[in-house]
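Close look at the chain arrangement
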Amino acid sequence: MKEQIVTTLAAAIPSLTAEEISSLIEIPPTPDMGDFAFPCFRLAKTLRKAPPMIASEIAASLSLPDAVDEVKVVGAYINFFLKKEGFVASILEKVRKENYGSSSEGEGKTICIDYSSPNVAKNFHVGHLRTTIIGNSLHLIFKKLGYHVERINHLGDWGTQFGKLIVAYKNWGSEEAVKEKGIEELMRLYVLFHQEADKDPALEDEARAWFAKMEQGDEEALSIWKWFVDISLEEFKRTYKLLGMEFDHYTGESFYRDKTADVVKRLSDAGILTESEGARIVDLSAYDMAPCLILKKDGSSIYATRDIAAIIYRKENYNFEKCLYVTGQEQRLHFRQVFKVMELLGNEWAKDGLVHIPYGLVSLGGEKLSSRDGNVIFAEDILLEAVKKVREIIEERNPELEDKDTVAEKVGVGAVIFNDLYNQRIKDVSFRWEHLLNFEGETGPYVQYTYARCSSILRKVENYSPDADIDCSYLTDEASLALLKQLELFPSAVQEAATRYEPCVIARYAIAVAQAFNHYYTVNRINVPEDNIRNARVLLVDITRRTLRDALALLGITCVEAM
């Protein structure tokens, strides 16, 4: 129908192409202003007339297409009112299709997403939830668009911090304590090291020496390190299971330690590796950046070296279209440096194929979290607390609900995920329970409850078939049209979320659909005696239910059938 309007306008406005007209067409803010609107401001300079006059003249010259009922001029806008039954039929034709919102645009293309990536021997704290939740959602969004996605957990399992931990373990730890308390003990030792190093700086040199042993293949150093890695992975995977997430690869920094020599050779052969105060660097001053450190004075690699090795490995093994890095915004400079080094190696694809996706800080009640100071909140504790609180709400409001524990887990975990993804990722996120678990605000539980309401309605209806022909005239009221218009936007919301790398587009879309449905439900009785009316209205409930399910699935949230 929009295309019919574009064609009609193009015949009356020779100075604009059909593509330009299509890009200018807007959706009016309220139904009484029409279904589509064309602003005439851009034509004022060319035609040397006031926009309202231009709108009136163009409207008077139009031959209305079949889809349009009438045209009204409001100021500088030409407002188009569609024939409602035809409008409803055209939307239903799209939204009733299987895999609605999917696309084949990514067919034959691979996207790598590097996300989560917690540091080994440090607990998986609430700050790690952001990269994990955002990255998982992006994986689901791109998969919806037909891409093959490689989910990569680039564990922080290599570096000087392990030298620090080994020093702490040898000085103040014990095998028994680590076996008994696991990562909790490792965190205690890590915090203790920094406290002691503030008093005795020589400990930092000792830590660097132990890491150098790791790099040189020392058997004792690697044995202790591997033990710490295994302990950490056990905890990480428990949290991932609670979140309902998996990864294709746990290839952390250590995976690339035998590939850094190749990086050094490539940089040397390209003539861009230079020496600076005993270290080896790539000078990036011509690009207004600090130098990218490749090898430290003692010859050991740094995370930038391993990130470059990872890019080379991923390109050669996965031939990615894009490689996305979901990390905090404080790492902007690091990735600018690494990506520029890849460009300087002659890789033109690096300009568009390597993307850093930054996000803001996370706090609990507004207090920033830091692992070094020991001020940490376990991610698992946050998730379990959310589940516990939802369980309490269920006991208060619906104690007879079946399978309460499963419902509480899905709603509680979903609430945490939705809270993170509702705002733009670059904004800081605070976990505040009074907002997080609100069943009436713009929250995950609100959308979950709307989905459950749809399911409840469908369970009560007899002899309903989603494929049956319906009378579109029963869906032309204002509330039905508003809901249909929201449902029609799902494919464009998925596309926008992928283009902007912004899962919040999907979260906000889900809220818009839920709000439109709840208004529709308030003003329209669904399970009425008249077959034609009931079938039409129930179809809209069914489509809403499926769309909410699919939208929440793109956020990594599983729906519940009853609440």
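To be clear, the structure that these remarks concern was listed above.
Let us look at the structure shown here. Because the structure is predicted, anything quoted here is derived from the model rather than measured.

1. Digging into the nonpolar core
With 153 residues, the main nonpolar core has L9, F38 and I78 as its most contacted residues. Take this core: its biggest share by element is 12 residues, from helix α11 (residues 219–243). The contact partners of I78, leaving out residues within four places of it in the chain, are L9, F36, A37, F38, C40, A55, I58, A59, L62, V71 and K72. Ranked by size, the runner-up nonpolar core spans 32 residues in total, among them F335, V341, A350 and L354.

2. Overview of the environment of Y520
If you trace the backbone, Y520 turns up in helix α22 (residues 504–523). Along the chain, Y520 and L284 lie 236 residues apart, while their C-alpha atoms are 58 Å from each other. Excluding its chain neighbours within four sequence positions, the residues that come into contact with Y520 are L475, A479, S480, L483, I526, R537, L540 and V541.

3. Remarks on the packing of aromatic side chains
Here the distance between the centres and the angle between the planes together describe a pair of aromatic rings. Evaluation of the coordinates by the stated rule reveals 27 aromatic pairs. Ring geometry for Y115 against F247: centres 4.9 Å apart, planes inclined by 40 degrees, an arrangement best described as tilted. Of the two residues, Y115 is situated in the loop between β4 (110–114) and α6 (128–144) and F247 in the loop between α11 and α12 (260–269); the sequence distance between them amounts to 132 residues. Neither residue differs from the other here; Y115 and F247 are each classed as buried. Between the aromatic rings of Y169 and F228, the centroid separation amounts to 6.0 Å while the plane-to-plane angle is 85 degrees, which identifies the pairing as edge-to-face. Residue Y169 is found in helix α7 (residues 160–172), and its partner F228 is found in helix α11; the two are separated by 59 residues along the sequence. By relative accessible area, which is 14% here, Y169 ends up buried. For F228, a relative accessible area of 0% corresponds to the buried category. Every member of this aromatic cluster is reached through a ring pair, and the members are Y115, F124, F236, Y240, F247 and Y250. Note that K237 overlies the ring of Y250, its terminal NZ or CZ placed 4.9 Å from the centroid.

4. Topic: the pattern of salt bridges
A full pass over the atoms with the stated rule returns 30 salt bridges. With a shortest N-O distance of 2.6 Å, R500 and E496 are connected by a salt bridge. With R500 and E496 both in helix α21 (residues 490–500) and four residues apart, this pair spans about one turn of that helix. Looking at R500, the relative accessible area reads 34%, which means it is partly exposed. Relative accessible area serves as the criterion here: at 36%, E496 is assigned to the partly exposed category.

5. Quick look at the sheet that holds strand β6 (residues 273–276)
Strand order in the open sheet formed by three strands is β6-β7-β8, with antiparallel pairing between adjacent strands. With partners counted over all chains shown, the strands left at the sheet margins are β6 and β8 (292–295), one partner each. Between one strand axis and the next, the sheet turns through 45 degrees on average, direction left out of account. In the sheet, β6 pairs with strand β7 (residues 279–282) via four bridges, with the strands oriented antiparallel. When the sheet's bridge partners are listed, S276 is paired in β7 with A279.

6. Things to note about the pairing of strand β9 (residues 322–328)
For β9, the tally of buried residues reaches six of seven residues, placing the bulk of the element in the interior. Two elements, β4 and β9, share four bridges in a ladder whose sense is parallel. By the bridge assignment for β9, C112 is matched with C323. Looking at chain direction, β9 and strand β10 (residues 354–359) are connected through six bridges and run parallel. Residue pairing for β10: V326 is matched across the bridge by I357.

7. With respect to the sheet that holds strand β1 (residues 36–39)
Strand order in the open sheet made by the three strands is β1-β3-β2, with antiparallel pairing throughout. Every interior strand has two partners, whereas the edge strands, β1 and β2 (68–74), have only one. The sheet shows a mean angle of 20 degrees between the axes of neighbouring strands, direction not considered. The pairing of β2 with strand β3 (residues 77–82) spans six bridges and is classified as antiparallel. Pairing of V71 across the sheet is with F80, part of β3.

8. Quick word on the packing of α21 against α22
Helices that pack against each other are described as a pair by the angle of their axes relative to one another and the distance between those axes. At a closest axis distance of 8 Å, the pairing of α21 and α22 adopts a crossing angle of 155 degrees. Judged by the angle between their axes, α21 and α22 are roughly antiparallel. Of the residues in α22, those in contact with F490, A493, V494, E496, A497 and R500 of α21 are V505, I506 and Y509. Looking at the contact of α21 with α22 residue by residue, the classes come out as seven nonpolar, no polar and two charged.

9. Examining the side chain of E185
You can see E185 is positioned in helix α9 (residues 183–199). At 2.9 Å, the side chain of E185 and the side chain of R188 are in polar contact. Apart from the residues within four sequence positions on either side, E185 is in contact with G173, A177 and V178.

About the thresholds
Residues numbered from 1 in each chain as written. Predicted model: local features only at pLDDT ≥ 70, side-chain atom pairs only at ≥ 80, totals over all residues. Heavy atoms only, no water. Core = buried A, V, L, I, M, F, W, Y, C linked by side-chain atoms within 4.5 Å. Buried < 20%, exposed > 50% of the residue type's maximum accessible area, 1.4 Å probe, protein only. Helix = DSSP H or I, 4+ residues; strand = E, 2+ residues; numbered from the N terminus. Contact = heavy atoms within 4.5 Å. Phe/Tyr/Trp six-rings, centres within 6.5 Å; stacked < 30°, edge-to-face > 60°. Lys NZ or Arg CZ within 6 Å of the ring centre and 35° of its normal. Salt bridge = Lys/Arg side-chain N within 4 Å of Asp/Glu carboxyl O. Pairing = 2+ DSSP bridges. Axes fitted to C-alpha atoms, helices over the stretch in contact; angles between N-to-C directions. Parallel < 35°, antiparallel > 145°, perpendicular 65-115°, else oblique. Nonpolar A, V, L, I, M, F, W, Y, C, P; charged D, E, K, R; others polar. Polar contact = N/O pair within 3.5 Å; in protein donor to acceptor, adjacent residues only side chain to side chain.

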